[in-house]
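Chain by chain, the residues:
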Amino acid sequence: MTLTHRKDTRPVKVGNLIIGGRDEVIIQSMTTTKTHDVEATVAEINRLEEAGCQVVRIACPDERAANAIPEIKKRINIPLVVDIHFNYKLALKAIEGGADKIRINPGNIGKRDKVEAVVNAAKAKGIPIRIGVNAGSLERHILEKYGYPTADGMVESALHHIQILEELDFHDIVVSLKASDVGLAIEAYEKAAEVIKYPLHLGITESGTLFAGSIKSAAGMGAILSKGIGNTMRISLSADPVEEVKVARELLKTFGLASNAATLISCPTCGRIEIDLIKIANEVEEYISTIKAPIKVAVLGCAVNGPGEAREADIGIAGARGEGLLFRHGEIIRKVPEETMVEELKKEVDKIAQEFLEK
Ligand code: SF4
């Protein structure tokens, strides 16, 4: 499947990455540690990076958190976004401390001079501001106008914050319009994409636990991505944030939007099965999760229809009695004993990934 992804958004620089202006969708997550606990926060960020997280956000609820930013920044490799609510002093401190982007709604900062101070500081450091509209916390005047949270109200809220920044000649903006209601989020992003030229950060908020939240997020963000909308995304789960990154990568792979991740094709199993497929599929999935090449690896329970059905796989294995058949692009290349077939497959995966990376 080739998706025509929207590329006409303004490119915005976040650390060493560009969000928008291209068809890449950047994966983000957010730490769950207390930000002032530098050790724990850095350890979590490093785990997230290893899982494929490209940009990480930390909460900055107080002075202690803001004071930790320079040290955190020094010890991590991926761009750091600092999330601030209302408090302009914390925003200034975050910018000074090395944030690569801040998330704050200018309309919530208060008096004009405070907004200007934050915008000027962001401008001086060349960092963007993300405006985060949330259906659950729309401004009173918008709720009064629409009666309840609507997609039009959310877009109007975003435009209101954008206008404040544009009036100050600030244009390095990213916008999110999150809702926990999937239909509302889809409609809001669709409407926003028509009128907002800035990159959009996708999210379905408060989506739930690992299982339910992944499905809800995939349903909502899948619908949005399928329309070519979205430049960066976070899957929000009540779970270890590493899981958020894994789900995001899987979702992007589905749409052909992850250029640096391997995909597993595994058969649904049936009565013809010759190997312990579920165990093997999980093991291979875990193994390929760190491969940074867009290869397809198949694991099939038997050789009846297997290799032919998984013709698009770069490499794969099909179970046969007491052995495994290694195949490449639908053609069997050799037989391997059952006991070593997973190891053999892993070696082939490494070889093919290396070939891709050297291309
Ligand atoms: Fe059944 Fe074999 Fe197809 Fe798997 S590959 S579903 S075991 S026929």
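Predicted, not measured: the structure shown is a model, and the values here were computed from it.

**Q** What's the story with the domain arrangement of the protein in this structure? I'm lost.
**A** When the parts of a complex come together, some accessible area is lost, and that lost area is often taken as the interface size. With domains assigned, the protein is organised as domain 1 (12-254) and domain 2 (263-358). Centre-to-centre separation of domain 1 and domain 2, based on C-alpha positions: 38 Å.

**Q** Got a minute to help me understand unusual backbone geometry in this structure?
**A** In this structure, aspartate 169 takes a positive phi of about 60 degrees despite not being glycine. Mapping aspartate 169 onto the fold places it in the loop between helix H6 (151-167) and strand E8 (173-178). The phi dihedral of threonine 269 is positive, around 70 degrees, even though this residue is not glycine. Note that threonine 269 resides in the loop between strand E11 (263-266) and helix H10 (277-288). Classification of threonine 269 by C-beta neighbours within 10 Å gives partly exposed; the count is 14.

**Q** Would you explain the sheet that holds strand E5 (residues 80-83) in this entry?
**A** Sheets are built from strands paired through backbone hydrogen bonds, the pairs being either parallel or antiparallel. If you trace the eight strands once around the closed barrel, you get E3-E4-E5-E6-E7-E8-E9-E10, paired in parallel fashion. Recorded for the sheet is a direction-independent mean angle of 25 degrees between the axes of neighbouring strands. Sheet analysis places E5 next to strand E6 (residues 101-103), joined by three bridges and oriented parallel. Looking across to E6, one finds that valine 82 is bridged to isoleucine 102. Against the sheet, helix H7 (residues 182-195) engages E8 and strand E9 (200-202), with an angle of about 150 degrees to E8.

**Q** I'm lost on the sheet that holds strand E14 (residues 323-328) in this one. Help?
**A** The strand order E11-E12-E13-E14-E15 describes an open sheet built from five strands, whose pairing is mixed. Bordering the open sheet on either side are E11 and strand E15 (331-337), each of which pairs with just one other strand. Put simply, the sheet's adjacent strands are angled 20 degrees from each other on average, direction ignored. Two strands pair when backbone bridges link them, and E14 and E15 are joined in this way by six bridges, in the antiparallel orientation. Within E15, the position partnered with glycine 324 by the bridge is valine 336.

**Q** Can you walk me through the packing of helix H1 (residues 38-51) against helix H2 (residues 63-74) in this structure?
**A** Between two packed helices, what matters for the description is the angle formed by their axes and the separation of those axes. Packing of H1 against H2 leaves a shortest axis separation of 10 Å and a crossing angle of 45 degrees. By the angle class used here, H1 and H2 are oblique. The way H1 lies across H2 gives a crossing that is right-handed. The segment H1 lies against H2, with Val38, Thr41 and Val42 engaging Ala68, Glu71 and Ile72. Classifying every residue of the contact of H1 with H2 by side-chain character gives four nonpolar, one polar and one charged.

Cut-offs and rules
- Residues numbered from 1 in each chain as written.
- Predicted model: local features only at pLDDT ≥ 70, side-chain atom pairs only at ≥ 80, totals over all residues.
- Domains from an automatic or database assignment.
- Helix = DSSP H or I, 4+ residues; strand = E, 2+ residues; numbered from the N terminus.
- Buried ≥ 20, exposed ≤ 12 C-beta atoms within 10 Å, placed from the backbone.
- Pairing = 2+ DSSP bridges.
- Axes fitted to C-alpha atoms, helices over the stretch in contact; angles between N-to-C directions.
- Contact = placed C-beta atoms within 7 Å.
- Parallel < 35°, antiparallel > 145°, perpendicular 65-115°, else oblique.
- Left-handed = near helix turned anticlockwise from the far one by under 90°.
- Nonpolar A, V, L, I, M, F, W, Y, C, P; charged D, E, K, R; others polar.

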